[in-house]
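# What the coordinates show
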Amino acid sequence: MNSELHLENRLFPVRTALVVDANPDVDAVLSAALNPRVWQIRHVSNNFAALALAETGPCDLILTSEKTSSKQDVELLRMIRRIRPHTRLIILTDVATPADVISSMRERAFSFFSSPFSSDSLAGMIRSAAEGPCWDEGIEVLSATPNWIRLAASCDLRTAERLVQFIREIAELPDTEKEDVATAFREILLNAIEHGGHFNPNEFVEISYIRSRHMVMCRVKDPGMGFSLDQIRHSALSNPPEDPIRHATYREENGLRPGGYGVLIAKELVDELIYDEKGNEVLLIKYLDKVHGKLAKENA
């Protein structure tokens, strides 16, 4: 009987999510993403009320309102972290600049979404914030301007997904080019944390994002020993013409996650993909001037 009562008590919400002036769509996403047996969702009308509530008790997760500016939300995060240093805050806003996104990263926001954004992407990020281990040191801003950002990121899948979302928000590009860069960056980043960092959260990849008038460049350097593109049997690049899925068998036999198409995907989405001699550092280049991109493709 006592064990049954103990089990029942565990079914009551034990963690708190706070949502600021949520529209019905965001509220629905949050409710669907969180387990009601574990989470209680509380609503407040503005950032001042959110801060007051955080002062009275712990808030494990906070979603800001799209109606507030990202600058206001970063200031809320800064104040909340003084009293609740490990609160995970996801910024939602209608308008943002690269400088705002960088500020949110410096203050260790969990994630950042500017309108319009995908409900599925937001739901995935909420689940990541809810289910991940209690640490928030996965991304460190080493130096940053809106045109040149240097970061260090933990070799962890959740950190990788967070970083991709931040890069998506920082990239001031047309929608198609933005998704091309974000997708290619994600594939190379996942390769780096898997094969270079072995999913060890104590290892870090180095990332640079550079935006000039004519191109966007991402640099990813992993902590591994490197490899030769001609010898990576876990990648589809190594498949002979007569055996186009050989890499899949190799990955299964060696306990690697399904995949191996990352480099191929990245090569199709950017104009240049350049590895260093060691094989643990790669540059992704996307030309914004179509003439430059065409010339690069012809000379490749």
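In this text, all values refer to a predicted model and were calculated from it rather than measured experimentally.

### Focus on the pairing of strand 5 (residues 111-114)
- Across the two faces of strand 5 the burial is the same, with Ser111 and Phe113 and Phe112 and Ser114 all buried.
- In terms of strand pairing, strand 4 (residues 88-93) meets strand 5 through four bridges, oriented parallel. Within strand 5, the residue paired with leucine 92 across the bridge is phenylalanine 113.
- Between the parallel pair strand 4 and strand 5, the chain is carried across by helix 5 (residues 98-106), and the sense of this crossover is right-handed.

### Considerations on the sheet that holds strand 1 (residues 15-20)
- Strand order across the open sheet formed by five strands is 2-1-3-4-5, with parallel pairing between neighbours. The sheet is open, and its two borders are formed by strand 2 (39-44) and strand 5, each paired with just one other strand. Taking the axes of each pair of neighbouring strands and ignoring which way they run, one obtains an average angle of 15 degrees across the sheet.
- In terms of strand pairing, strand 3 (residues 61-63) meets strand 4 through three bridges, oriented parallel. When the sheet's bridge partners are listed, isoleucine 62 is paired in strand 4 with leucine 89.
- Lying on the sheet, helix 6 (residues 119-131) is in contact with strand 1, strand 2, strand 3, strand 4 and strand 5; it crosses strand 4 at an angle near 165 degrees.

### Looking at helix 2 (residues 24-33)
- Among all positions of helix 2, only Val26, Val29, Leu30 and Ala33 are buried. Mapping the buried residues of helix 2 onto a view down its axis gives an arc of 95 degrees, with all of them on the same face. Residues of helix 2 that are exposed and point over 90 degrees away from its buried face: Pro24 and Ala32.
- N-cap assignment for helix 2: the residue whose side-chain oxygen lies 2.9 Å from the backbone N of aspartate 25 is asparagine 23.

### Details of the environment of serine 103
- Tracing the chain through its elements places serine 103 in helix 5.
- Its relative accessible area of 32% is what places serine 103 among the partly exposed residues.
- With 38 residues separating them along the chain, serine 103 and valine 141 place their C-alpha atoms 9.6 Å apart.

### Looking at the packing of helix 2 against helix 6
- One way to put it is that helix 2 packs onto helix 6 with a least axis distance of 9 Å and a crossing angle of 45 degrees. Compared by their axis directions, helix 2 and helix 6 come out oblique. Classified by chirality, the crossing of helix 6 by helix 2 is right-handed. In contact with Val29, Leu30 and Ala33 of helix 2, helix 6 contributes Ser119, Leu122, Ala123, Ile126 and Arg127.

Reading the values: the criteria
Residues numbered from 1 in each chain as written. Predicted model: local features only at pLDDT ≥ 70, side-chain atom pairs only at ≥ 80, totals over all residues. Heavy atoms only, no water. Buried < 20%, exposed > 50% of the residue type's maximum accessible area, 1.4 Å probe, protein only. Helix = DSSP H or I, 4+ residues; strand = E, 2+ residues; numbered from the N terminus. Pairing = 2+ DSSP bridges. Right-handed = clockwise from strand over helix to strand, strands pointing away. Axes fitted to C-alpha atoms, helices over the stretch in contact; angles between N-to-C directions. Contact = heavy atoms within 4.5 Å. Arc of directions from axis to C-beta. Polar contact = N/O pair within 3.5 Å; in protein donor to acceptor, adjacent residues only side chain to side chain. Parallel < 35°, antiparallel > 145°, perpendicular 65-115°, else oblique. Left-handed = near helix turned anticlockwise from the far one by under 90°.

Treat this as a map of the structure, not an account of what it does.
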